[in-house]
Amino acid sequence: MSNGNERNLDHCLKCSTCHTQCPVVANYPDFPGPKQLGPELERLRLAKGQEKPLEIDESLALCTNCKRCDIACPHGVKPSYYNMKNKARLQGQSISKFRDWILAHNICWGKIGSKIPGLVNFALKFPLTKSVMGLMGIANRDFPKYLKQQIKIRNSKNDKKVLYYPGCYASFNEPEIIQATIDILEAYDFQVELASVNCCGTPVMSNGLLDEAREMAIKNTGVFLKYIREGYKIVTTCSSCGLTLKEEYTNIIPGTNSAELKQNVWDLFELLEEEEILPFNENKEKIKKAYYHVPCHLKAQGIGVPAANLLKKVAVKDLIIEDNYCCGIAGTFGFKKEKYPIAMAIGDPLFKDIKNSQVPFVITDCGTCKLQIMHGTSVPVKHPVVILRDYLKNSDTEKF
Amino acid sequence: MNNKVQVVVIGGGATGTGILRDLALRGIDCLLVEQNDLATGTSGRFHGLLHSGARYVVKDLHSAEECIQENKILKQIAPDCIEDTGGMFIATKNDDPGYIDKWLAGCAQAGIETKEISPTELLKEEPALTPDVVKAYFVPDAAVDGFTLAAANVLSAQKLGAMARNYTKVIGFKLEKNKVCGVYLKDKYTGKEELVECQYVINAGGAWAGQIAGLAGQNINVNPDKGVLVIFNHRITNRVLNHLRPPGDGDIFVPHGSVTVFGTTSKVTNNPDDTEATLEEVLELLAEGSNLIPDLKNMRLIRAFAGVRPLYQPDGGQLGREATRDFTLIDHSQLTGLEGLVSVVGGKLTTYRLMAKAAVDFVAEKLGVDKPCITHQEMIYAPVPKNGAKPGEYLCQCEMVSKKMLDQSIEGKGHFSLSDVRRLTRLGMGPCQGTFCTFRATGYYHQSRNLKVTEANKLLKDHIEERWKGSKPVLWGQQAQETQLTRGIYLGLLNLERLESDNNEL
Ligand SMILES: Cc1cc2nc3c(=O)[nH]c(=O)nc-3n(C[C@H](O)[C@H](O)[C@H](O)COP(=O)(O)OP(=O)(O)OC[C@H]3O[C@@H](n4cnc5c(N)ncnc54)[C@H](O)[C@@H]3O)c2cc1C
Ligand code: SF4
Ligand code: SF4
């Protein structure tokens, strides 16, 4: 056995702290949970050789890769690491389902959708498509609407340079996030460039297509490192993309490259927290009340809640910050028919909490969390940048 | 119980259980008695290596030949008890290259197949190994589970009508006119004593064989020799790892299910019950093992223990590693004129079937039974097979032991301890060392077997104390933390020290 996360299984005391934080355990008692699927079974997997999957490995498919277990463990074990690795191993052994493939490649969907938005939106609404998707095993729910992208960058030179990586969700479904991020970064005097890299690999990875994810990681890291060496900071606004660039790459392509990348990736608000200026309009009336949902993958980055902090300072008077719940969608998880009820059950406490708090809208950094929360509560959901952009000193709204 | 049988076998290790099965297959009416549970002697405190014989080719060719012959047979008849991991011998740059040629010649002579593999290739397959490997060979070593083997032998014998009693100690012999005609037994649960009459007694007491023979006034020169072993939390290599050099301390790693057993040492002791491993012994082993696995000292140890080899030297000759690993059949009528008793001593677990055959050939002839040995042709099976279960059915998650397995492991037993269950199922053998499964299993039996509270408490207490004992010599790093958690649960939460529990010798 080699080092790194592999050997973390030696640190597990079986204390079950991770179980108390796993949203699947809480809602689906048959799920063996992070302790057993991770460090415990890994010992037996080593024993059986990699070729024979254990029967119980089937339940790996239920792990949403939310990584709450990783943060919960007081001994530095990362159960989700084993789950990811073994999901990939199983995927390699069974003929992967077409459906998983499609969801894993939402980038392809995204690309088609953004070029001919009418078509995809139409196709997804059309009852027949929905039932075909039902047959294919995709739960009957609203897919992200694909919008055409038109982005403006000021392109002024500055020593503070940022390469902004918006990720799939923003690129193909909500380009507004991209524009708002650029506006904010420019207000903070950053020179911004938009990264021309592909999907970071999160959905591909959580559907167990590890080899492919590895290829994407190598390619993307190459592009990022070129910029980093020219003095750029890599900035993300999607919690999952951020976590993948920071953490997952060091697992799937260990080495100095991924380590260097990790040092240079910033969540947008993590970066802004270090800035001294505050280019926001203090006189503008604040939003009375809103609900901030902390995405699991933001929690897993271990950087606190920088977006919420800024929102409180600048835009929202009474911001409810809640990090107790997983929304249940976990990337592409909730799109799968057999997992849909579990996804909804996981999200249920969050939905109730949101409804009880009587807020006009919810704020969260993660695109798929947004879809799930809207689906579960019918309350509108916004990305923090979209709100904060309206509070910039020279924002359009101020002119009125 | 029938108080008359043809043959009584003393000792429930590999040898004794092998003898019982051989007797039964030849239609001889027989009873096995074991003072504790099956395989609680050396057969449960050993390295778990089904030798290919390669370890002995240079110094003890005859032993090596016996090993390879038995290795092939046991892989055929006892697949439930064996994990055919394969083995490797590696020489590092610090080892004597001259030894390699002698070793290869010996393997060829003994008929042990060796296959060379380049160090680079090997490191790809076994990344934990030292990069200092210069020569490496594959051999047909395997891992063998002594508990399952003993139980499988007994199960096979019982199906043919043989009897076996555990927790029954031989406390004396009935002698008449210089002939053994019975044994006095003491039941360890009830304290009751009784006599069982017989025509012949086979003493398969391993390291205790000298003590047992002493009860009949016989003096045989069994030299108990202690060996220390440690258990790592995970499989370090996938094959049995041997150091290619003259046999010494700390040069074998055996992957066993989910763990690795590493050892061993060799130290003459005058007490066969001396099974304590000390901190110094463990540290010496680790220092030695680091030559083969550089990262060894950072890996989690879960246990250390010792076993006692039943080395026999008829003329009081060489001791320790220099002593022969061959076995000897002692016909006491030749030694002192005492009829009706034969002792089988020495040997290895790998060659237990041969030892049994020799003993039973001898006794069968005395009894006028002319059926040949067929133990190499008939399969044996584990009494408690690993079986899959739904997630909630596992009471020991480290080793995946299900409720069904707990039921199977006590089938037909009046009394039992959780250690008995453990030996058949691996309950509590994982990293938490019984912390979570002990109270679960106790609760399960309490309910399903209608135990009294004091009986249930006894199960709990004995098991957790037994598990602690083995962790003591390795209490640092992760295992020390684990033990703190265990203490918190059992001393704090469950108030173990004040639990009212049954009292008996077990
Ligand atoms: C550290 C170590 C490592 C080893 N490694 C290996 C290995 O890797 N491979 C291998 O092939 N061999 C190995 N051996 C050798 C092997 O374990 C032994 O040779 C073998 O287990 C002996 O089996 P046995 O049945 O003869 O003795 P035991 O298993 O010791 O059986 C004797 C039994 O007699 C019982 N008994 C004693 N007195 C009484 C009484 N008065 N009444 C009733 N019962 C009694 C004892 O409780 C005991 O269970 C190792 C030995 C040691 C010490
Ligand atoms: S990653 Fe999330 S769902 Fe998966 S085991 Fe950990 S806590 Fe549970
Ligand atoms: S993985 Fe960590 S939190 Fe979970 S049981 Fe093991 S030590 Fe406890």
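Per chain, the residues get numbers from 1 upward, laid out in the order the sequence is written. Chains and ligands are labelled by the order in which they are written, letters from A for the one and numbers from 1 for the other. Where totals are concerned, whole chains, interfaces and linings use all residues; where local detail is concerned, this predicted model gives features only for residues with pLDDT of at least 70, and gives and counts side-chain atom pairs only at 80 or more. The basis for every side-chain value is the complete set of heavy atoms in the structure, and neither hydrogens nor water enter the calculation.

Caption draft 1: Structural detail: the overall build of chain B. Of the regular secondary structure elements, chain B holds 14 helices and 23 strands. Computed over C-alpha atoms, the radius of gyration of chain B comes to 23 Å, within 12% of the 23 Å expected from 2.2 N^0.38 for 506 residues, which places it in the range of a compact globule. In terms of its C-alpha atoms, chain B occupies a principal-axis envelope of roughly 65 × 60 × 40 Å. Excluding contacts between residues fewer than 6 apart, the proportion of contacts in chain B whose partners are at least 24 apart in sequence is 72%. Here the Shrake-Rupley method, with its probe set to 1.4 Å, supplies the accessible areas, and only the displayed protein chains count as covering residues. With an accessible surface of roughly 19700 Å², chain B has 49% of that area assigned to carbon and sulfur atoms. His residues and chain termini do not enter the charge count, which takes Lys and Arg as positive and Asp and Glu as negative. Every charge is mapped onto a representative atom, which is NZ of Lys, CZ of Arg, CG of Asp or CD of Glu. Placing the 56 positive and 61 negative side-chain charges of chain B at their respective mean positions leaves the two points 4 Å apart. Strands here mean DSSP runs of E at least two residues long; helices mean DSSP runs of H or I at least four residues long; both are numbered from the N terminus. The globule rule used here is 2.2 Å times the number of residues to the 0.38 power, and the radius of gyration it is set against is calculated over C-alpha atoms. Contacts were defined at the residue level, with two residues in contact if any of their heavy atoms lie within 4.5 Å.

Caption draft 2: Geometry of the packing of helix H1 (residues 14–25) of chain B against helix H9 (residues 352–367) of chain B. All names here are of chain B. The interhelical angle for the contact between H1 and H9, taken along N-to-C directions, is 50°, at an axis separation of 8 Å. Between H1 and H9, the interaxial angle falls into the category oblique. Note on packing geometry: the crossing formed by H1 with H9 is right-handed. Side by side, H1 and H9 meet where Ala-14, Thr-15, Gly-18, Ile-19, Asp-22 and Leu-23 of the first sit next to Tyr-352, Met-355, Ala-356, Lys-357, Ala-359 and Val-360 of the second. Helix axes are fitted to C-alpha atoms over the stretch in contact, other axes to C-alpha atoms as well, and angles between N-to-C directions run from 0 to 180 degrees. For this classification, under 35 degrees means roughly parallel, over 145 means roughly antiparallel, 65 to 115 means roughly perpendicular, and everything else is oblique. Put simply, a crossing is left-handed when the front helix is turned counterclockwise from the back one by less than a right angle, and right-handed when it is turned clockwise.

Caption draft 3: Just the domain arrangement of chain A, in detail. Residues and elements named next belong to chain A. Domain boundaries in chain A define domain 1 (4–87) and domain 2 (287–389). Note: domain ranges come from an automatic or database domain assignment. Centre-to-centre, using C-alpha coordinates, domain 1 lies 26 Å away from domain 2. Listed per partner, the contact involves 14 residues of domain 1 and 15 residues of domain 2. Defined in terms of a 1.4 Å probe, buried area is the accessible area two parts forfeit on being brought together, summed over both. Taken together, the two surfaces of domain 1 and domain 2 that pack against each other cover about 1200 Å², and 67% of this comes from carbon and sulfur. On the domain 1 side of the interface with domain 2, the three residues burying the most area are Asn-27, Thr-64 and Arg-68, jointly 44% of the side's total. Within this document, salt bridges are pairs made up of a side-chain nitrogen of Lys or Arg and a carboxyl oxygen of Asp or Glu, the two lying within 4 Å of each other. Scanning the region where domain 1 abuts domain 2 turns up 0 salt bridges. For this analysis, a polar contact is any N or O atom pair within 3.5 Å, provided that within protein one partner can donate a hydrogen and the other can accept it, and provided that sequence-adjacent residues contribute only side-chain to side-chain pairs. Counting across the domain 1 and domain 2 interface gives 5 residue pairs in polar contact (both at pLDDT 80 or more). Of all elements in the fold, only helix H2 (23–27) and helix H4 (68–72) reach the threshold of two or more residues within the side of domain 1 that touches domain 2. Among the elements that line the side of domain 1 that touches domain 2, the one with the most residues is H2, at 3 residues.

Caption draft 4: Expanded view of the pattern of salt bridges. A full pass over the atoms with the stated rule returns 45 salt bridges over all chains. Its salt-bridge partner being Arg-43 of chain A, residue Glu-399 of chain B comes within 3.2 Å of it at the nearest N-O pair. In this pair, Glu-399 of chain B sits in the loop between strand E22 (394–396) and strand E23 (401–402) while Arg-43 of chain A sits in helix H3 (residues 33–48), so the two residues belong to two different chains. Accessibility here uses a 1.4 Å probe with only protein chains present; expressed as a share of the type maximum, an area under 20% marks a residue as buried, one over 50% as exposed, and anything in between as partly exposed. Exposure remark for Arg-43 of chain A: the relative accessible area of 0% places this residue in the buried category. Among the ionic pairs, Asp-361 of chain B bridges to Lys-357 of chain B, the shortest N-O distance being 3.2 Å. One end of the pair is Asp-361 of chain B and the other is Lys-357 of chain B, both in helix H9 and 4 residues apart, which spans about a single turn. Beyond isolated ion pairs, a larger network of salt bridges with shared partners links Glu-42, Arg-45, Asp-57 and Lys-85 of chain A.

Caption draft 5: Region of the structure containing helix H20 (residues 367–377) of chain A. Residue and element names in this part refer to chain A. Most of H20 is tucked away: 8 of the 11 residues are buried. Residues of H20 that are buried: Gly-367, Cys-369, Lys-370, Leu-371, Gln-372, Ile-373, Gly-376 and Thr-377. Elements that come into contact with the buried residues of H20 comprise helix H10 (167–173), strand E5 (287–293), helix H19 (340–357), strand E7 (362–363) and strand E8 (381–382). Just downstream of H20 lies Ser-378, where phi reads positive at about 60°.

Caption draft 6: Looking closely at the site of ligand 1. Residue and element names in this part refer to chain B. The full set close to ligand 1 counts 36 residues, and Thr-15, Glu-34, Ser-43, Leu-49 and Thr-350 are the nearest of them. Interatomic distance of 3.1 Å between a backbone N/O atom of Leu-349 and an oxygen atom of ligand 1. Contacts to ligand 1 include Thr-350, whose side-chain N or O atom sits 2.7 Å from an oxygen atom. Relative to its unbound accessible surface of 1000 Å², ligand 1 loses 97% to contact with the protein. If you list the elements that add at least two residues to the shell around ligand 1, you get H1, strand E10 (168–176), strand E14 (222–232) and strand E19 (301–312). A per-element tally of the shell around ligand 1 places E19 first, with 4 residues. Working definition: residue near molecule or strand if any one of its non-hydrogen atoms lies within 4 Å of it.

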